[in-house]
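Architecture and fold: a report
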Amino acid sequence: MDHYNRIQAAIDFMELHLQEDLRIEQIARSACFSAFHFQRLFQAISGFSVQTYIRRRRLSEAAIVLKSTDRNILDVALDYQYSSQEAFTRAFDSCFGVTPAKYRASGQQLAYQLKINFIDYRNQAKGDLQMNKPRITTLATVDIVGYEYITNLQQEAYFHDIPGFYHHFGEQQYYLHIPHQAAPGMAYGVSCRFQDNGQFSFIVGEAVYPSDDVLTKDLIRYSLPKGLYAEFKVHGHADEVQNTRRFIYGTWLPNSNYERLEGPDFEITDVGHSRYPDQMKMSIYIPIKQSV
């Protein structure tokens, strides 16, 4: 089953359980993904988070019930996992710009969130596959020393956070405290330690030769595993970096003959030949395996 069909299976699971407590781990399991990478794929393909989709679908179904029945608003709120009429009213008004009571009494038509058909996304993506074809390569283990930052998938927070991490790393001159540098001038950014709630670590550092030296300045060691990777080259404005990340998970991976492995992904920036934000030279790597 391909990525789109697997995500569609998760959509079907959500539809069956909209009136129940939906946990991201259960939803992802129904699509045979880890919770973190399911959220990453869903958001990259659709443009909004799993949580946003569930909230919009529940409110849309609740709106239909309000219009088609005379059921008490509190009962409808409880059916769709809102703990009180007040919480439901706030969410409904935020989503649709009108309260449930006013909507029921009016002839207003709302723009409901309909059930997504992810197969439509696959058809739309076909023309974009030539954007940035990767090089498939096998890499050896790389030892990294760097500083660990925390960010999140939600609202694409990491897109805004990561440039700030690099700036902070340079401003604090952490690179001066990295012993036995193996590739000076090449900055590594490693996404790892993924949590089900979308939180993950982003380590900024450099490749090093193995040593037992004591680290200072709260630096940590991390090892990038050997294996098969897809390498995407980026040479241009910082916006192209973000667009490439979206392309990898929103277009290339779902339409490729590869599966993403559960390990970290990372990027290498040629610091000497990059100038933020106008001219970035980097490669982005994701761990992969051939689809069965």
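So, a few notes on the structure that sits alongside this text. (Residues numbered from 1 in each chain as written. Predicted model: local features only at pLDDT ≥ 70, side-chain atom pairs only at ≥ 80, totals over all residues. Heavy atoms only, no water.)

1. Digging into helix H3 (residues 35-46)
- Given a rise of 1.5 Å per residue, 12 residues ought to cover 16 Å, and the 16 Å separating the end C-alpha atoms of H3 matches this to within 8%.
- A large share of H3 lies buried, amounting to 11 of its 12 residues.
- Just downstream of H3 lies Gly47, where phi reads positive at about 95°. (Helix = DSSP H or I, 4+ residues; strand = E, 2+ residues; numbered from the N terminus. Expected span 1.5 Å × (residues − 1). Buried < 20%, exposed > 50% of the residue type's maximum accessible area, 1.4 Å probe, protein only.)

2. Notes on helix H4 (residues 50-68)
- An ideal rise of 1.5 Å per residue puts 27 Å on 19 residues; H4 measures up with 27 Å between its terminal C-alpha atoms.
- Among all positions of H4, only Val50, Thr52, Tyr53, Ile54, Arg57, Arg58, Leu59, Ser60, Ala62, Ala63, Val65 and Leu66 are buried.

3. Quick notes on the environment of Ala31
- Within the element layout of this structure, Ala31 appears in the loop between helix H2 (24-30) and H3.
- By relative accessible area, which is 0% here, Ala31 ends up buried.
- Taking C-alpha positions, Ala31 is 33 Å from Asp143, a pair spaced 112 residues apart along the chain.
- Apart from the residues within four sequence positions on either side, Ala31 is in contact with Arg6, Ile7, Ala10 and Phe38. (Contact = heavy atoms within 4.5 Å.)

4. Comments concerning the side chain of Arg58
- As for its position among the elements, Arg58 is in helix H4.
- One buried charge, Arg58, has no salt-bridge partner; the nearest side chain with opposite charge is Asp21, at 5.7 Å.
- Engagement of the side chain of Arg58 in a polar contact is seen with the backbone oxygen of Leu18, the distance being 2.7 Å.
- Look past the residues within four positions of Arg58 in its chain and what remains in contact with it is His17, Leu18, Glu20, Asp21, Leu22, Tyr80 and Gln81. (Lys, Arg positive; Asp, Glu negative; His and termini not counted. Salt bridge = Lys/Arg side-chain N within 4 Å of Asp/Glu carboxyl O. Polar contact = N/O pair within 3.5 Å; in protein donor to acceptor, adjacent residues only side chain to side chain.)

5. Points about the nonpolar core
- Counting 38 residues, the largest nonpolar core has Met14, Phe38, Phe42 and Ile286 as its most contacted members.
- Here the element with the most residues in this core is helix H10 (residues 238-255); it accounts for seven residues.
- In this structure Phe42 touches Ile7, Ile11, Met14, Gly47, Phe48, Ser49, Val50, Tyr53, Ile116 and Phe118, once residues within four positions along its chain are discounted. (Core = buried A, V, L, I, M, F, W, Y, C linked by side-chain atoms within 4.5 Å.)

6. Considering the packing of aromatic side chains
- Summed over all chains, the structure comprises 28 aromatic pairs.
- Ring geometry for Phe48 against Tyr53: centres 6.3 Å apart, planes inclined by 15°, an arrangement best described as stacked. Considered together, Phe48 and Tyr53 belong to a single accessibility category, that of buried residues.
- With 5.5 Å between their ring centres and 45° between their planes, Phe169 and Tyr174 make a pair best called tilted. (Phe/Tyr/Trp six-rings, centres within 6.5 Å; stacked < 30°, edge-to-face > 60°.)

7. A few points about the side chain of Gln43
- Along the polypeptide, Gln43 turns up in helix H3.
- Excluding residues within four positions of it along the chain, Gln43 makes contact with Phe48, Ser49, Leu153, Gln155 and Glu156.

8. Topic: empty space enclosed by the protein
- Taken as a whole, this structure holds two cavities of 30 Å³ or more when the rule is applied.
- Of the pockets and cavities examined, the largest cavity occupies roughly 140 Å³.
- Around the largest cavity, the lining comprises 14 residues; the ones closest to its centre are Arg40, Ser191, Arg245, Asp265 and Ile284.
- Listed by contribution, the elements that provide at least two residues to the lining of the largest cavity are helix H9 (157-171), strand E3 (186-192), H10, strand E8 (265-270) and strand E9 (280-290).
- When its residues are assigned to classes, the lining of the largest cavity shows eight nonpolar, two polar and four charged.
- Considered as a void within the structure, the second largest cavity measures approximately 90 Å³ in volume.
- Sorting elements by how many residues they give to the lining of the second largest cavity places H3 first, with four residues.
- Of the residues contributing to the lining of the second largest cavity, the split by class is four nonpolar, five polar and four charged. (1 Å grid on protein atoms, 1.4 Å probe; cavity = no way out; pocket = protein on both sides within 12 Å on 5 of 7 lines; lining within 4 Å. Points joined across faces, edges and corners; volume = space filled by probe spheres on them. Nonpolar A, V, L, I, M, F, W, Y, C, P; charged D, E, K, R; others polar.)

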